[in-house]
Amino acid sequence: MESLFDRDLDVIYEDPKPLDHYIREGLIQLHQEKRLCDTTIVAGGEQFPCHRMLLAAINPYFRAMFSNVFRESQDGEVLLQDMDPSIVQALLQYFYTEEISVVPEMAQDLFVAASRLQIITLLESCSRYLLDHLSLDNCLRLYELGYAHSDPALFQEAKSLVNLHFKRLSQEDQSFLDLNPSTLASIISLDSLAVSSELVVYRAVWRWVMAQSTIRFPFLGQLLSCVRLPLLTQEELRQVQCEMTRCKDLRLRWRRLNRQQRLQESGGLRRGMYTPCIVCVDLFNMEGPELKTKDFQVGCYDPQTETWEKLPLLKCLYCARCVAVGDKLYVAGGVHTDDTYSETLHEYSPLRGRWTQLPSMSVARASHGLLACHQKLFAVGGWCKYEHYLDTAESFDLAERFWAPVAPMPLALSHFASAVLKNKLYLVGGVTDSVGSWYASRKVLIYDVSSDLWSQVFLDNEIYWSGAVAMNNGIYVIGGYFRSRTRHHNERWPDSGNMHCTRKCFFLGEDGKMDKSVSVPKLPIELAGAAVVRWKHRIYVLGGENTYLYNNLEGENEEEYYNTVYYWEPGATKWIRCQERLPFTNWGLSGFGCTTMKIPKKPVLELFRKTSVALTAIEVVSP
């Protein structure tokens, strides 16, 4: 006969549920039955009975309300009259069940309510939802939400769209007319607006004010103070003046401004007033018997139109390095035509149209690295006379205008590729020496700007005179001379057949290690010493060389130089050759300085050519 004990063995017991399960289930049931409710939220004329203990336990807003001597803690009624009843219902469902359905028609109101009531988890969920559904149709509203509620992610993403499409939004979007004055002022104060004329900003303000002129006219003076009136051209000034003279309550203020005063009065140019260009320094024609007779040109290439323009000459030097910070170009070091090495630093301002010499480096350098990070320039490595390699590095503070030493490099190095990524400088490969022998490096040197420390990562191959570009959270390394198998580091460089020019390109992760999961197509030709720069989302390769062993009785090295221009966009299967070639040379060249920088557009440049009368303010006259 089966015993009671045997029958108990057949019973399958479930694990006991935790206590918080019963607490939550009990609260849900009490709320549904409206039992033991000791407070009521009132919104839009509707009442929502609930439990203050639950509200206070999970939310600091209600905890403070019920824990202090407020009216709500005395009479048990919480007024949220400016909140829609459907939002309150959704919030209470979230409090009791942890469940909420974020839909487009409620997302923005839920975000505001979660911010106001300090419901952090719900606020984060709403923020992610709004980011996922950010578009040109709602970017103004989401900019206003991110700005008002201090949500940096939402604010920055929305701002990017507003910056890019400000002209269209301000002229066509109805939600632009619904912006509050402080939000509008914050938008029109941005340097990053992609407007080519300040007239666009002026007309945006005028449209917003005239939409409700009686109410908004008092804000006109404040908003016009954010418009950079000195950047209006003479024709634009005539249009504004004609419009303003119809309004007797406005007064125009004029002043004669020179170049520096105009820049100071305006507060700087907008992003859309620049054209991003590729600038090449020390371009010279290598044909002819004497280097000393050549002109060293500075060329500006606009990839949008594939055209070249000359910039003012600097000095006759080669193997100099350059970098741009905003709309300023900096050139440091190089070799003069009399074979002396330079320690000078020069700055070029397109608005001024001339070069200015700044404090010099502590040592002369050529074929070095010149990089910009956090408003500082970093001159690293290179070589000096008698092929002396350098392991020193120094930084130049652009605000304070002085050089200061930084930590020495792990090894003396020149002819390396360099790039900046996330507060770090990356030096890839290069040439160095040991006990009189030359050899190519197979290391990536990484300098952390914040800690002033160097680290090293090994590559699979020895490589030098390649190019590098930081993009997509890594470093693209393009071309160069390299050895396909590792050799002992003191082997002489270059010896016959050991190093060869390559079409190879590869990708380094932030850790400096090669990431083979990122595919980069080979160059169309073998190239080294080319200028490799990033322009928008493209990588450009300009010029370059290929030195190879000439097969004759003397065994001489032969050099081939190129004046071609190629570009590649990540994701594409091949490089594209541009129609335009390097200017000022029919043969080709390599080893010149190259960078991308912002060049002011011609209408803007014309404003800064001479002193002229400019509109500096539009004042609202009190009745």
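Below you will find a few notes about this structure.

About the cut-offs
Residues numbered from 1 in each chain as written. Predicted model: local features only at pLDDT ≥ 70, side-chain atom pairs only at ≥ 80, totals over all residues. Heavy atoms only, no water. Helix = DSSP H or I, 4+ residues; strand = E, 2+ residues; numbered from the N terminus. Buried < 20%, exposed > 50% of the residue type's maximum accessible area, 1.4 Å probe, protein only. Contact = heavy atoms within 4.5 Å. Areas by Shrake-Rupley, 256 points an atom, 1.4 Å probe, with all protein chains shown as cover. Polar contact = N/O pair within 3.5 Å; in protein donor to acceptor, adjacent residues only side chain to side chain. Pairing = 2+ DSSP bridges. Axes fitted to C-alpha atoms, helices over the stretch in contact; angles between N-to-C directions. Salt bridge = Lys/Arg side-chain N within 4 Å of Asp/Glu carboxyl O. Expected span 1.5 Å × (residues − 1). Core = buried A, V, L, I, M, F, W, Y, C linked by side-chain atoms within 4.5 Å. Parallel < 35°, antiparallel > 145°, perpendicular 65-115°, else oblique. Left-handed = near helix turned anticlockwise from the far one by under 90°. Nonpolar A, V, L, I, M, F, W, Y, C, P; charged D, E, K, R; others polar.

**Examining the overall build of the chain**
For step 1, the next point in the chain: Across its full length, the chain carries 18 helices and 39 strands.
For step 2, the next point in the chain: Buried positions account for 51% of the 623 residues belonging to the chain.
For step 3, the next point in the chain: A separation of at least 24 residues holds for 59% of the contacts in the chain among residues at least 6 apart in sequence.
For step 4, the next point in the chain: When the accessible surface of the chain is totalled, it reaches about 30800 Å², and 49% of it is carbon and sulfur.

**Considering the side chain of Ser-414**
For step 1, the next point in the chain: With respect to the secondary-structure elements, Ser-414 resides in the loop between strand 19 (402-405) and strand 20 (417-421).
For step 2, the next point in the chain: A polar contact of 2.8 Å, which involves the side chain of Ser-414, links it to the side chain of His-415.
For step 3, the next point in the chain: Beyond its immediate sequence surroundings of up to four residues, Ser-414 is in contact with Ser-367, Gly-382, Trp-383, Tyr-389, Gly-430 and Val-431.

**A look at the sheet that holds strand 38 (residues 593-600)**
For step 1, the next point in the chain: Strands sit in the order 7-6-5-38 across an open sheet of four strands; the sheet is antiparallel. Both outer strands of the open sheet, strand 7 (307-311) and strand 38, are each paired with one neighbouring strand and no more. Averaged over all adjacent pairs, the angle separating strand axes in this sheet is 35°, with direction ignored.
For step 2, the next point in the chain: Where strand 5 (residues 274-283) meets strand 6 (residues 297-302), four bridges bridge the pair, whose relative direction is antiparallel. Residue pairing for strand 6: Cys-280 is matched across the bridge by Gly-299.

**Re unusual backbone geometry**
For step 1, the next point in the chain: In this structure, Glu-98 takes a positive phi of about 65° despite not being glycine.
For step 2, the next point in the chain: For Glu-98, a relative accessible area of 57% translates into the label exposed.

**Here we look at the pattern of salt bridges**
For step 1, the next point in the chain: Per the counting criterion, the structure on display carries 17 salt bridges.
For step 2, the next point in the chain: For Arg-228, the salt bridge is made with Asp-191, and the minimal N-O distance between the two is 2.5 Å. Taken together, the positions of Arg-228 in the loop between helix 15 (220-224) and helix 16 (234-244) and Asp-191 in the loop between helix 12 (181-188) and helix 13 (198-211) put the pair 37 residues apart, joining distant regions of the chain.
For step 3, the next point in the chain: Note on Asp-191: relative accessible area 45%, which makes it partly exposed.
For step 4, the next point in the chain: Look at the salt bridges and you will find they share partners, linking Arg-251, Arg-253 and Glu-619 into a network.

**As for helix 13**
For step 1, the next point in the chain: Taking 1.5 Å per residue, 14 residues should reach 20 Å; helix 13 reaches 20 Å between its end C-alpha atoms and fits that length.
For step 2, the next point in the chain: Residues Glu-198, Leu-199, Val-200, Val-201, Tyr-202, Ala-204, Val-205, Trp-206, Trp-208 and Val-209 constitute the buried set of helix 13.
For step 3, the next point in the chain: One side-chain oxygen of the residue at the start of helix 13 lies 3.1 Å from the amide nitrogen of Leu-199, identifying that residue as Ser-197.

**Concerning the nonpolar core**
For step 1, the next point in the chain: Core analysis: the biggest nonpolar cluster contains 83 residues, and Ile-41, Leu-91, Phe-95, Phe-166, Phe-176, Tyr-202 and Ile-618 have the highest contact counts within it.
For step 2, the next point in the chain: Among the elements that make up this core, the one with the highest residue count is helix 13 (nine residues).
For step 3, the next point in the chain: Those residues in contact with Tyr-202 that sit more than four places away from it in its chain are Leu-224, Val-227, Val-240, Glu-243, Met-244 and Ile-618.

**Section: the packing of helix 8 (residues 120-132) against helix 10 (residues 152-164)**
Between two packed helices, both the angle of their axes relative to each other and the distance between the axes serve to describe the pair.
For step 1, the next point in the chain: It is at 10 Å that the axes of helix 8 and helix 10 come closest, and there the two elements cross at 15°. Considering their axes alone, helix 8 and helix 10 lie roughly parallel with respect to each other. The two elements helix 8 and helix 10 cross, and the hand of that crossing is left-handed. Between helix 8 and helix 10, the contacting residues are Ser-127, Leu-130 and Leu-131 on the first element and Ala-153, Leu-154 and Glu-157 on the second.
For step 2, the next point in the chain: Class assignment of the residues belonging to the contact of helix 8 with helix 10 gives a composition of four nonpolar, one polar and one charged.

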